[in-house]
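Take a look at the letters that make up each chain.
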Amino acid sequence: MNPPIHIIGGGLAGCEAAWQTVGRGVSVVLHEMRPVRGTAAHKTSGLAELVCSNSFRSDDPEHNAVGLLHEEMRKLDSLVMRTADAHQVPAGGALAVDRDGFSAAITAALEAHPLVTVCREEITDLPPEAWDNVIVATGPLTSSALADAIAKRVGEEALAFFDAIAPIVHRNSIDMSVAWLQSRYDKTGPGGSGADYINCPLSRDRYDAFIDALLAGQKVAFHDWEAATPYFDGCLPIEVMAERGRETLRHGPMKPFGLTNPQSPTLKPYAVVQLRQDNRLGTLFNMVGFQTKLTHGEQVRIFRTIPGLEGAEFARLGGLHRNTFLNAPKLLDETLRLKAAPRLRFAGQITGCEGYVESAAIGLLAGRFAAAERLGKLMKPPPPTTAHGALLSHITGGHIETPDAGPRSYQPMNINFGLFPPLAQSPSRAADGTRLRGTAKTLAKKCAISRRALGDLALWIAGGDHALAAE
């Protein structure tokens, strides 16, 4: 029996890494500090708890990079994707899940596996030398003690940013005589009907008053050591977006485009607040894009000025937590090992990827890399033309350092088609021979990138366990 691989962190990356490792016959000890020690964002002791949105974003594998990543993970026997599919709730073109059911199922699957040992304990220092194969998947909420130990080892301070959490509203407290059900452009997604979002319309006057309230509202005060921490642009608090310009929200999470109020079809709203189903029962809806650092009292007061939410009851209000991540291109090799200490491998958001799915995908690769190493094999990374390979390449070597001596610019990144190598030849004509232009040309290019990715992934999978015997 080979010694176990130790995985620190029971989030999506750690759980996926564990699943992939034991799938290759290698045992795992999964260390999770909750409930011994909690975090600023987690509420339960469950593995793979979703602390922000319940959405895995688009499930379109042809025209969206994260949808392509979903499809690749399914083909690679991802526990996260298998569980997400089993616990999906309607969300238009997105894949959203019942967060409690999702976490409970992942926890049960790992605790029941004969090769998995779950240890509820906090790791406060670098693992002992006896742990010769370790995956650190502690996520953006790595405990301060372990983060300090890692920083001292690599001689590099971890960057930090704030991640904001959106409020959740009880469905029966929303005034549906004002709001209506519709997905943007009536788009139907997995388990959805094309009417999966609750939409609350604002006139220009109501929108202007809302912006004024956001700007004037009392915010949560930062600690001195937090004040200079940058935000990740993909998860900005709404009041920070409002500070960038009065129309910013109207062209962001409050955009009215692709929506028509059936109660006033000729009157186009100036802005719209959307709420997405948050649990399988359909009793909870989260306010899409409404991450915030307003105080709880201000959230209740200001959000109840939104038409349809005057009587809103909140199951959870928004909040902030501090995230940390490594300067991965400088510190990690192509198999996610720490160059300064190769027995340590990193996975998930601590590497600088962003998003649930991306975190789990990097955990998937870390688990396979670690298992291959334990079995005396060398695993080839997936081709950079695949979604997994493109994301891995960005994390471990796809970033260009700034030419001056200023602050490093490596930042958290969601999967996107900009990370993929360009096509040898982009499609220029449709099947009927007509020349592609505008949106049609863009969609055709995305389809071609996706087809290439899945084809190259199939070839990689055909190589068995994608590993070569070590020399």
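Relevant structure appears above.
Note that the structure is a prediction, hence the values are computed from the model and not measured.

(A) Quick look at the overall build of the chain. Within the chain, the regular secondary structure consists of twelve helices and 19 strands. Each principal axis of the C-alpha distribution contributes one length, and for the chain these read about 70 × 60 × 50 Å. In the chain, which comprises 471 residues, the share counted as buried stands at 55%. A separation threshold of at least 6 residues defines the contact pool for the chain, and within that pool the share at least 24 residues apart is 72%. For the chain, the computed accessible surface area is about 19400 Å², with 54% contributed by carbon and sulfur atoms.

(B) Structural detail: the sheet that holds strand E9 (residues 168-170). The antiparallel open sheet is built from six strands, whose spatial order is E10-E11-E12-E13-E9-E14. With partners counted over all chains shown, the strands left at the sheet margins are strand E10 (180-181) and strand E14 (314-316), one partner each. Where E9 lies against E14, two bridges are found, and the strand directions are antiparallel. Residue pairing in the sheet places Val169 in a bridge with Phe314 of E14.

(C) Inspection of the pattern of salt bridges at higher detail. Counted by the stated rule, this structure contains 23 salt bridges. Where Arg374 meets Asp132, a salt bridge forms, and the shortest distance between an N and an O atom there is 2.8 Å. With a gap of 242 residues between them, Arg374 in helix H10 (residues 356-374) and Asp132 in the loop between strand E6 (116-120) and strand E7 (134-136) connect regions that are remote in the sequence. When its relative accessible area of 37% is taken as the criterion, Asp132 is described as partly exposed. Connected via shared salt-bridge partners are Asp59, Glu71, Arg74, Lys75 and Asp85.

(D) Highlighting the nonpolar core. Of all hydrophobic cores here, the largest spans 85 residues; its most connected members are Phe56, Phe102, Leu110 and Phe420. For Phe420, the residues in contact, after removing those within four places along its chain, are Ala65, Leu68, Pro384, Thr385, Thr386, Ala387, Ala390, Ile415, Ile449, Arg452 and Ala453. Grouped together as the second largest cluster of nonpolar side chains are 34 residues, Cys200, Ile238, Met241 and Ala242 included.

(E) Molecular detail of the packing of aromatic side chains. Following the criterion strictly, the structure yields six aromatic pairs and no others. Between Phe290 and Phe303, the aromatic rings sit 5.5 Å apart at their centres with planes inclined by 65 degrees, giving edge-to-face as the arrangement. One end of the pair, Phe290, is in the loop between strand E13 (284-287) and helix H8 (296-303); the other, Phe303, is in helix H8, and 13 residues separate them in sequence. Each member of the pair Phe290 and Phe303 is classed as buried. Members of the aromatic cluster, connected to one another through ring pairs, are Phe56, Phe102 and Tyr356.

(F) Region of interest: the sheet that holds strand E4 (residues 88-89). Sheet architecture is open: three strands sit in the order E3-E5-E4, paired in antiparallel fashion. Across the chains shown, the open sheet's two edge strands, defined by having one partner strand only, are strand E3 (55-58) and E4. Relative to strand E5 (residues 94-97), E4 runs antiparallel, the two being bridged by two bridges. Directly across from Val89, in E5, lies its bridge partner Ala96.

(G) Layout of H8. Among the residues of H8, those classed as buried are Glu298, Gln299, Ile302 and Phe303. Projected down its long axis, H8 shows its buried positions confined to an angular sector of 110 degrees, all on one face. Those residues of H8 hidden inside the fold are in contact with helix H6 (204-216), helix H7 (238-243), E13 and E14.

(H) Geometry of a positive patch on the surface. On the surface, a cluster of positive charge is contributed by Arg429, Arg435, Arg437, Lys441 and Lys445. Summarising the element assignment, Lys441 is placed in helix H12 (residues 438-461).

(I) Highlighting the side chain of Gln182. Mapped onto the elements of the fold, Gln182 is located in the loop between E10 and strand E11 (197-202). According to the relative accessible area criterion, Gln182 is buried, its value standing at 8%. Within the local environment of Gln182, its side chain forms a polar contact with the side chain of Trp180, the two groups lying 2.9 Å apart. Not counting chain neighbours up to four residues away, the residues in contact with Gln182 comprise Gly194, Ala195, Asp196, Tyr197, Asn199, Gly258, Leu259, Thr260 and Gln274.

(J) A look at the packing of helix H1 (residues 12-22) against helix H3 (residues 79-86). In contact at an axis separation of 8 Å, H1 and H3 are set at 110 degrees when each is read in the N-to-C sense. It follows from the interaxial angle that H1 and H3 lie roughly perpendicular. Here H1 contributes Leu12, Cys15, Glu16 and Trp19 to the contact with H3, which in turn contributes Leu79, Val80 and Arg82. For the contact of H1 with H3, a count of residues per class yields five nonpolar, no polar and two charged.

(K) Geometry of the pairing of strand E1 (residues 5-8). Taking every second residue as pointing to the same face, both faces of E1 are buried, with Ile5 and Ile7 on one and His6 and Ile8 on the other. Pairing of E1 with strand E2 (residues 28-32), which is carried by four bridges, proceeds in the parallel orientation. Note on E2: the bridge partner recorded for His6 is Val29. Once you follow E1 into H1 and on to E2, the crossover reads as right-handed. Sheet analysis places E1 next to E7, joined by three bridges and oriented parallel. If you follow Ile7 over to E7, its bridge partner there is Ile135.

(L) Inspection of helix H5 (residues 144-154) at higher detail. Turning to H5, its buried residues are Leu146, Ala149, Ile150 and Val154. Along the axis of H5, the buried positions cluster into a sector of 120 degrees, meaning they face one direction only. Residues of H5 that are buried in the fold lie against E1, E7, helix H9 (328-331), strand E16 (337-338) and strand E17 (341-346). Just downstream of H5 lies Gly155, where phi reads positive at about 65 degrees.

(M) Layout of the packing of helix H2 (residues 65-75) against H12. Across the interface, H2 lies against H12 with an axial gap of 11 Å and an inter-helix angle of 20 degrees. Judged by the angle between their axes, H2 and H12 are roughly parallel. When you trace H2 past H12, the crossing you get is right-handed. For the pair H2 and H12, the contacting residues are Leu68, Glu71, Glu72 and Lys75 in the first and Ser450, Ala453, Leu454, Leu457 and Ile461 in the second. Considered class by class, the residues forming the contact of H2 with H12 number five nonpolar, one polar and three charged.

Calculation criteria
- Residues numbered from 1 in each chain as written.
- Predicted model: local features only at pLDDT ≥ 70, side-chain atom pairs only at ≥ 80, totals over all residues.
- Heavy atoms only, no water.
- Helix = DSSP H or I, 4+ residues; strand = E, 2+ residues; numbered from the N terminus.
- Buried < 20%, exposed > 50% of the residue type's maximum accessible area, 1.4 Å probe, protein only.
- Contact = heavy atoms within 4.5 Å.
- Areas by Shrake-Rupley, 256 points an atom, 1.4 Å probe, with all protein chains shown as cover.
- Pairing = 2+ DSSP bridges.
- Salt bridge = Lys/Arg side-chain N within 4 Å of Asp/Glu carboxyl O.
- Core = buried A, V, L, I, M, F, W, Y, C linked by side-chain atoms within 4.5 Å.
- Phe/Tyr/Trp six-rings, centres within 6.5 Å; stacked < 30°, edge-to-face > 60°.
- Arc of directions from axis to C-beta.
- Patch = residues over 30% accessible without salt bridge, like charges linked within 9 Å, V, L, I, M, F, W, Y side chains within 5 Å.
- Lys, Arg positive; Asp, Glu negative; His and termini not counted.
- Charge placed at Lys NZ, Arg CZ, Asp CG, Glu CD.
- Polar contact = N/O pair within 3.5 Å; in protein donor to acceptor, adjacent residues only side chain to side chain.
- Axes fitted to C-alpha atoms, helices over the stretch in contact; angles between N-to-C directions.
- Parallel < 35°, antiparallel > 145°, perpendicular 65-115°, else oblique.
- Nonpolar A, V, L, I, M, F, W, Y, C, P; charged D, E, K, R; others polar.
- Right-handed = clockwise from strand over helix to strand, strands pointing away.
- Left-handed = near helix turned anticlockwise from the far one by under 90°.

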